[in-house]
Amino acid sequence: SQQGEEDPQALSIQEGENATMNCSYKTSINNLQWYRQNSGRGLVHLILIRSNEREKHSGRLRVTLDTSKKSSSLLITASRAADTASYFCATVSGGTSYGKLTFGQGTILTVHP
Amino acid sequence: DTAVSQTPKYLVTQMGNDKSIKCEQNLGHDTMYWYKQDSKKFLKIMFSYNNKELIINETVPNRFSPKSPDKAHLNLHINSLELGDSAVYFCASRGAGAYEQYFGPGTRLTVT
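A brief look at the structure comes next. All figures in this text were calculated on a predicted structure; none of them were measured in a lab.

## Digging into the layout of surface pockets
Argument step 1. Empty space within the largest pocket amounts to approximately 330 Å³.
Argument step 2. As for the largest pocket, its lining consists of 21 residues, and the residues nearest its centre are Gln37(A), Gly40(A), Gln37(B), Val88(B) and Arg108(B).
Argument step 3. Those elements giving two or more residues to the lining of the largest pocket turn out to be strand E9 (87-94) and strand E11 (107-111) of chain B.
Argument step 4. Top element by residues in the lining of the largest pocket is E11(B). It accounts for four residues.
Argument step 5. Residues of the lining of the largest pocket, tallied by class, amount to six nonpolar, ten polar and five charged.

So, in structure tokens, the structure goes:
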């Protein structure tokens with residue numbers, strides 16, 4: 001079964017609006033990461049939040065983590081057409097996981113100019 | 001100066017054939033991974049090597065055999081290809097002490 005499940009599956013907004021994507025997971029984690037995938041390309045790491053952190057910022061990105069609810073959210077502020085992509089959350093479990101990423105289903109974000 | 005590269009980018013082949021995908025990273029990372037992304041864009045780990053040693057081997061048919069000749073290279077050989085093997089295969093690498101992974105551009109495999 002999937003570790004991470006994301007909602008919404010697809011999100012369509014206008015340039016300048018904020019985009020919020022949510023991710024839920026099932027087991028305990030060491031950290032949670034967000035990746036972006038442009039169409040036909042590989043994944044690019046955006047941000048990592050550790051299990052003992054609640055919020056993290058990087059430029060226009062804000063990530064929150066609620067380990068009691070086993071959920072995370074990614075907020076992209078003042079979105080741009082170039083933000084159009086698929087966004088995936090991925091978890092790394094504790095113990096001997098060798099850094100293995102367990103991915104959610106992803107959210108397809110479309111930002112209209 | 002590509003960080004993680006894969007060849008080929010596209011691979012179209014017939015059922016029953018054997019094919020290989022190659023991956024190279026120039027980041028000096030110790031750990032490399034293969035992921036499979038299906039038609040619904042779901043990504044799943046297949047294998048991982050650390051310094052040429054296999055450390056992760058998920059439930060993957062034994063028709064898939066990874067090989068790491070050195071820590072900068074991780075290849076994936078697939079025997080007796082089946083229609084269900086059609087997917088995009090991504091290679092990734094990770095540095096020691098870090099968690100973020102660097103992905104290659106992917107190899108789109110189509111089995112007809």
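Right, picking up where we left off after that structure.
## A few points about the interface of chain A and chain B
Argument step 1. Residue-level contacts link 24 residues of chain A with 20 residues of chain B.
Argument step 2. Taken over both partners, the interface formed by chain A and chain B buries close to 1,800 Å², and the fraction arising from carbon and sulfur atoms is 59%.
Argument step 3. On inspection of chain A and its partner chain B, the count reaches one salt bridge.
Argument step 4. The closest approach of N and O atoms between Glu58(B) and Lys100(A), which form a salt bridge, is 3.3 Å.
Argument step 5. Linking chain A with chain B are eleven residue pairs in polar contact (both at pLDDT 80 or more).
Argument step 6. Among the elements of the structure, strand E4 (31-37), strand E5 (43-50) and strand E9 (85-92) of chain A are those that each provide at least two residues to the side of chain A that touches chain B.
Argument step 7. Considered class by class, the residues forming the side of chain A that touches chain B number eight nonpolar, 13 polar and three charged.

## Observations concerning the sheet that holds strand E8 (residues 71-76) of chain A
All names here are of chain A.
Argument step 1. The sheet built from five strands is open, its strands ordered E1-E3-E8-E7-E6 with antiparallel pairing. Here the strands that pair on one side only, and so sit at the sheet edges, are strand E1 (5-7) and strand E6 (55-58). The mean angle between the axes of side-by-side strands here comes to 15°, regardless of whether they run parallel or antiparallel.
Argument step 2. Alignment of E6 against strand E7 (residues 61-66), held across four bridges, turns out to be antiparallel. Counterpart to Glu55 in the pairing with E7 is Thr64.

## A word on the nonpolar core
Argument step 1. Residues Leu32(A), Trp34(A), Leu74(A), Ile76(A), Tyr87(A) and Leu109(A) are the most contacted members of the largest nonpolar core, which totals 22 residues.
Argument step 2. Going through the elements one at a time, strand E2 (10-14), strand E3 (19-24), E4, E5, E7, E8, E9 and strand E11 (107-112) of chain A are the ones with two or more residues in this core.
Argument step 3. Aside from chain neighbours lying at most four places away, what touches Leu74(A) is Ala19(A), Thr20(A), Met21(A), Trp34(A), Leu46(A), Leu61(A), Arg62(A), Val63(A) and Tyr87(A).
Argument step 4. Counting residues in hydrophobic clusters, the runner-up holds 19 residues, among them Ile21(B), Tyr49(B), Leu81(B) and Val111(B).

The rules behind each value
- Position numbers for residues start from 1 in each chain and track the written sequence from start to end.
- Whichever chain is written first is A, and whichever ligand is written first is 1; the rest continue in order.
- Only residues with pLDDT of at least 70 get local features here, since the model is predicted, and only at 80 or more are side-chain atom pairs given and counted; chain-wide, interface and lining totals rely on the full set of residues.
- Side-chain numbers come from the whole structure's heavy atoms, not from hydrogens or water.
- Site definitions follow a grid-based scheme: protein atoms alone, a 1 Å grid, a 1.4 Å probe that fits but cannot get out for cavities, and for pockets an open set with protein on both sides within 12 Å along at least five of seven lines, plus lining residues having an atom within 4 Å of a point.
- Grid points are joined across faces, edges and corners, and a volume is the space filled by probe spheres set on the points.
- Only runs of H or I of at least four residues qualify as helices and only runs of E of at least two qualify as strands under DSSP, and these elements are numbered from the N terminus.
- Gly is placed with the polar residues, together with every amino acid not listed as nonpolar (Ala, Val, Leu, Ile, Met, Phe, Trp, Tyr, Cys and Pro) or charged (Asp, Glu, Lys and Arg).
- In this analysis, two residues are considered to be in contact whenever any of their non-hydrogen atoms come within 4.5 Å of each other.
- In short, buried area is how much 1.4 Å probe accessible area vanishes from two parts on joining, totalled over both.
- Between Lys or Arg on one side and Asp or Glu on the other, a salt bridge is scored when a side-chain nitrogen of the former is within 4 Å of a carboxyl oxygen of the latter.
- Here a polar contact is recorded for every N or O atom pair within 3.5 Å, except that within protein the pair must consist of a potential hydrogen donor and a potential acceptor, and residues adjacent in sequence are included only if both atoms are side-chain atoms.
- Two strands qualify as a pair provided that DSSP identifies no fewer than 2 bridges between them.
- Axes, fitted as lines to C-alpha atoms, cover a helix only where it is in contact. Angles between the N-to-C directions of the axes lie from 0 to 180 degrees.
- The nonpolar core is taken to be a set of buried Ala, Val, Leu, Ile, Met, Phe, Trp, Tyr and Cys residues, with the residues joined through side-chain atoms within 4.5 Å.
- Relative accessibility decides the category of a residue: with a 1.4 Å probe and only protein chains considered, values under 20% of the type maximum give buried, values over 50% give exposed, and everything between is partly exposed.

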